[in-house]
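Per-entry structural report
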Amino acid sequence: MCIQCEYREPTLRRRNFLNLSALGLGAVTAGLASNVFAAGGPPPKPENVLSPAAALERLVQGNNRYVKGTVARNGFGTSQAALAQGQNPYACILGCADSRVSPELLFDENQGDLFVTRVAGNFVTHEILASLEYGTTVLNASIVMVLGHANCGAVSAAIKAVENEEDLPGHIQTLASALSSAVTTAKNNNPKDLADYVTRQNVRNNVQLLRQATPLLSKRVRDRQLRVVGGLYDINTGRVELIET
Ligand SMILES: [Zn+2]
């Protein structure tokens, strides 16, 4: 069962995560964490040690520079030596695979700043969740942004699959199925712009899923070590609109 379905069936979801706990995930992450800065020295990028609020503000300011065309991105050489020793990105991004939505570019960041997971339709899978757990619990990123975007092909495909009541070819239906809950919610609300509604609803669904994901992310959110937010990238303007904070 995919994690999106488990999200809609909490009993199964709980059972699955209990199984993860039984595998000793806590001990594993503790071991990984001890390896990140094994030398006990400062993190590779001290400027990336940020509170969740400061991390969100940095994303906002980076996108502002991108929109204005005043990017401040440095070359690889400025951080090469430090990053060879490790990484401490300040933010995790769950974005779409769309070639027009590149997080490092639209937030005007460099290597080592963003821990990026991407899948067409920007939704949580088991592997995405595990990656985000690593980026936050082990690497200490203090914010996760689920980043949807306008004109998303996965959203269009999901709407088409529901409206035509047919499966898409190959494995593409997997993407449509993951977004079907957002399509159903949107159709129940009869919006003027169905695709826009589905895109926003899909971001909100996955923000909620991550905030509630046990055992790791939900605890960090509860302890105020982590904030999970939702953004929407406008391909026409380059602006990221915050739709869940
Ligand atoms: Zn997309």
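The text that follows walks through the structure, step by step, so that each part is easy to find. As the structure is a computational prediction, the values presented were derived from the model and not from experiment.

Rules of the game
- Residues numbered from 1 in each chain as written.
- Predicted model: local features only at pLDDT ≥ 70, side-chain atom pairs only at ≥ 80, totals over all residues.
- Heavy atoms only, no water.
- Donors = N, O, S within 2.8 Å, 3.2 Å for Na, K, Ca; no water.
- Buried < 20%, exposed > 50% of the residue type's maximum accessible area, 1.4 Å probe, protein only.
- Salt bridge = Lys/Arg side-chain N within 4 Å of Asp/Glu carboxyl O.
- Helix = DSSP H or I, 4+ residues; strand = E, 2+ residues; numbered from the N terminus.
- 1 Å grid on protein atoms, 1.4 Å probe; cavity = no way out; pocket = protein on both sides within 12 Å on 5 of 7 lines; lining within 4 Å.
- Points joined across faces, edges and corners; volume = space filled by probe spheres on them.
- Nonpolar A, V, L, I, M, F, W, Y, C, P; charged D, E, K, R; others polar.
- Pairing = 2+ DSSP bridges.
- Axes fitted to C-alpha atoms, helices over the stretch in contact; angles between N-to-C directions.
- Contact = heavy atoms within 4.5 Å.
- Core = buried A, V, L, I, M, F, W, Y, C linked by side-chain atoms within 4.5 Å.
- Expected span 1.5 Å × (residues − 1).

**Some remarks on the coordination of the zinc ion**
Taken together, Cys96 (SG), His149 (NE2) and Cys152 (SG) make up the full set of protein donors to the zinc ion, lying 2.1 to 2.2 Å away. Counting along the primary sequence, the residues that act as donors to the zinc ion give the motif C-x52-H-x2-C. With respect to burial, His149 and Cys152 carry one shared label: buried.

**Considering the pattern of salt bridges**
Evaluated as defined, the whole model comprises 11 salt bridges. In this structure, the salt-bridge partner of Arg58 is Asp113, at a minimum N-O distance of 3.4 Å. Residue Arg58 is found in helix H4 (residues 52–68), and its partner Asp113 is found in the loop between helix H6 (103–106) and strand E2 (114–118); the two are separated by 55 residues along the sequence. Ionic pairing is found between Asp223 and Lys219, a salt bridge with its closest N-O pair at 2.6 Å. The exposure class of Lys219 is partly exposed, given its relative accessible area of 42%. Three or more residues are tied together by salt bridges with common partners; here these are Lys45, Arg58, Glu109 and Asp113.

**So, the layout of surface pockets**
Left-over empty space is what a probe sized like a water molecule reveals as it rolls over the atoms. Approximately 210 Å³ is the volume found for the largest pocket. In this structure, the largest pocket is lined by 16 residues; those nearest its centre are His149, Ala150, Asn151, Asp196 and Leu232. Tallying contributions element by element places helix H10 (residues 194–212) first for the lining of the largest pocket, with 4 residues. Its residues placed into classes, the lining of the largest pocket shows 6 nonpolar, 4 polar and 6 charged.

**Points about the sheet that holds strand E3 (residues 143–149)**
Two modes of strand pairing occur in sheets, parallel and antiparallel, and in both the strands are linked by backbone hydrogen bonds. Across the sheet, which stays open at both edges, the 5 strands sit in the order E2-E1-E3-E4-E5 with mixed pairing between neighbours. Strand pairing shows two members of the sheet lacking a second neighbour, E2 and strand E5 (240–244), which therefore form its edges. For this sheet, the mean inter-axis angle between neighbouring strands, taken without regard to orientation, is 30°. Note that E3 and strand E4 (residues 227–233) share 7 bridges and pair parallel. Of the residues in E4, the one forming a bridge with Gly148 is Leu232. Sheet contacts for H4: strand E1 (91–95), E2, E3, E4 and E5; angle to E3, the most-contacted strand, approximately 35°. Along the sheet, H10 makes contact with E3, E4 and E5, crossing E4 at roughly 165°.

**Section: the nonpolar core**
If you look at the biggest cluster of nonpolar residues, it comprises 42 residues, and the most contacted ones within it are Val198 and Leu210. Broken down by secondary-structure element, the contributors of at least two residues to this core are E1, helix H7 (126–138), E3, helix H8 (153–164), helix H9 (172–189), H10 and E4. Residues in contact with Val198, not counting those within four places in the same chain, are Val155, Ile159, Ala182, Val183 and Ala186. The next biggest cluster of nonpolar side chains, apart from the first, holds 16 residues, and it includes Leu56, Leu59, Ile143 and Met145.

**Looking at H7**
Over its 13 residues, H7 runs 17 Å from end to end, which matches the ideal 18 Å to within 8%, given 1.5 Å per residue. Of the residues making up H7, those classed as buried are Ile128, Leu129, Leu132, Glu133, Gly135, Thr136, Thr137 and Val138. Asn140 occupies a position one or two residues after H7 and carries a positive phi of about 75°.

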